[in-house]
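# Residue-level structural notes
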Amino acid sequence: MTSECERAVELLRVAGRVTALTGAGMSQESGVPTFRDALTGLWSQYDPMELATPEAYRRNPARVFGWYLSRWRKARAVGPHGGHRALAELERAFEELIVVTQNVDGLHRRAGSGEVIELHGSLEAFRCFDGGHPYDIGHIEALAPAADSEVEPPACETCGSPIRPGVVWFGEMLPPGAVERAWHLVQQSDAVLVIGTSSVVYPAAELPNVALAAGAKVIEINPQETPLTPRASLAWHATAAVALPELTAALGFPVSDA
Ligand code: OAD
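Scope of this entry: the structure provided in the associated data block.

Cut-offs and rules
Residues numbered from 1 in each chain as written. Predicted model: local features only at pLDDT ≥ 70, side-chain atom pairs only at ≥ 80, totals over all residues. Heavy atoms only, no water. Buried < 20%, exposed > 50% of the residue type's maximum accessible area, 1.4 Å probe, protein only. Helix = DSSP H or I, 4+ residues; strand = E, 2+ residues; numbered from the N terminus. Pairing = 2+ DSSP bridges. Axes fitted to C-alpha atoms, helices over the stretch in contact; angles between N-to-C directions. Contact = heavy atoms within 4.5 Å. Near = heavy atom within 4 Å. Polar contact = N/O pair within 3.5 Å; in protein donor to acceptor, adjacent residues only side chain to side chain. Areas by Shrake-Rupley, 256 points an atom, 1.4 Å probe, with all protein chains shown as cover. Nonpolar A, V, L, I, M, F, W, Y, C, P; charged D, E, K, R; others polar. Arc of directions from axis to C-beta. Salt bridge = Lys/Arg side-chain N within 4 Å of Asp/Glu carboxyl O.

### Brief notes about the pairing of strand β1 (residues 17-22)
The element β1 is extensively covered by neighbouring structure, given that 5 of its 6 residues are classed as buried. Where β1 lies against strand β2 (residues 96-101), 6 bridges are found, and the strand directions are parallel. For T22, the partnering residue across the bridge sits in β2 and is T101. The pairing of β1 with strand β6 (residues 191-195) spans 5 bridges and is parallel. Its bridge partner being in β6, A20 is matched across the sheet by L193.

Right, here's the structure in full:
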């Protein structure tokens, strides 16, 4: 067992309530790109102001809609890895373990995690731009391009407004209730696992600070340093697909590789 894993087990043995806060690094080993990694991150290839704001959508709805359709298709084509499955399994080790994710790819749910709070929405929940009326995901398949080309968004069947992805864009409010629930959870948690996030996008980046202020242990799992690293109770420099199965096995709940 690595020394980081030993220390994590020590910190978690006495924990009853645990929150796992995850970011794009959690899905990286499934083949979903992160945002800020220098060469492979989405924001090193695309300008977020051209793709991930309401203004960008108003300027060029077909470009933005097409880009999200291609992300949706790519996310559907991959599956959860051993780290996602280990996190789902870890629910058995504690009185409560709830996942709070910034990811929109649905991989935690597909791995079997029980409650997942999606702070930044979901690629699988389309709705109309003006009225917020939900749009049947069943219609999306026929529209989704293989590559990220422009796709004119369909019109809402209720009000005619164009359809947009159900993700949170820069400058938008997070889903009602999600932040409050996440805040409450970390305040009540004995330990918070912070996995694969650069800890720079707020309000999610504030959650580990809230946890620390309330006396929780914060275990960061990330191969790189982040602004959280100096304050974390433990900085475990490993990837999610390596650290989480090791941790789960060390706590007595091994997952198979299947
Ligand atoms: P980032 O791309 O900012 O950060 C990913 C983090 O994951 C980095 O700290 C990496 O070092 C780490 N990482 C990379 N590979 C990893 C692996 N295999 N295992 C563990 N960690 C790994 O992604 P987020 O922090 O999730 O928001 O970004 C937050 C938000 O910014 C996103 O939800 C998105 C983006 O703009 C919106 O689109 C609103």
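Picking up where we left off.
### Description of the environment of T158
Locating T158 in the fold gives a position in the loop between β4 (127-128) and β5 (163-164). Overall, T158 belongs to the exposed group, its relative accessible area being 61%. For the pair T158 and G131, spaced 27 residues apart in sequence, the C-alpha to C-alpha distance is 8.8 Å.

### Observations regarding the sheet that holds β2
The 6 strands are arranged β3-β2-β1-β6-β7-β8 in an open sheet whose pairing can be described as parallel. Either end of the sheet is taken by a strand with one partner, and the two such strands are β3 (116-118) and β8 (234-236). Sheet twist, expressed as the mean angle between neighbouring strand axes with direction ignored, is 20°. The sheet contact formed by strand β7 (residues 217-221) and β8 spans 3 bridges and is parallel. Paired with I219 across the bridge in β8 is L234. Packed on one face of the sheet, helix α1 (residues 3-13) meets β1, β6, β7 and β8 and runs near 140° to β8.

### Let's talk about the site of the ligand
Inspection of the region around the ligand gives 23 residues, with Q28, R36, H120, T197 and S198 positioned closest. Interatomic distance of 2.7 Å between a side-chain N/O atom of T197 and an oxygen atom of the ligand. Between the ligand and N222 there is a distance of 2.8 Å, counted from an oxygen atom to a side-chain nitrogen or oxygen. Isolated, the ligand exposes 790 Å² of accessible area, and the fraction of that covered by the protein chains is 94%. Taken together, the residues of the shell around the ligand sort by class into 8 nonpolar, 12 polar and 3 charged.

### Brief notes about helix α11 (residues 240-250)
Residues of α11 that are buried: A240, A243, L244, L247 and T248. Buried positions in α11, seen along its axis, are confined to an arc of 125° and lie on one side of it. Where α11 is buried, its residues meet α1, α2 (25-28), α7 (82-89), β6, β7 and β8. Phi turns positive one or two residues past the end of α11, at G252, with a value near 95°.

### Comments concerning the pattern of salt bridges
Under the defined criterion, the tally for this structure stands at 9 salt bridges. The salt bridge partner of R17 is E96, with a shortest N-O separation of 4.0 Å. With R17 in strand β1 and E96 in strand β2, this residue pair connects regions lying 79 residues apart in the sequence. A relative accessible area of 28% means that R17 is categorised as partly exposed. Three or more residues joined by partner-sharing salt bridges are found here, namely R73, R76 and E141.

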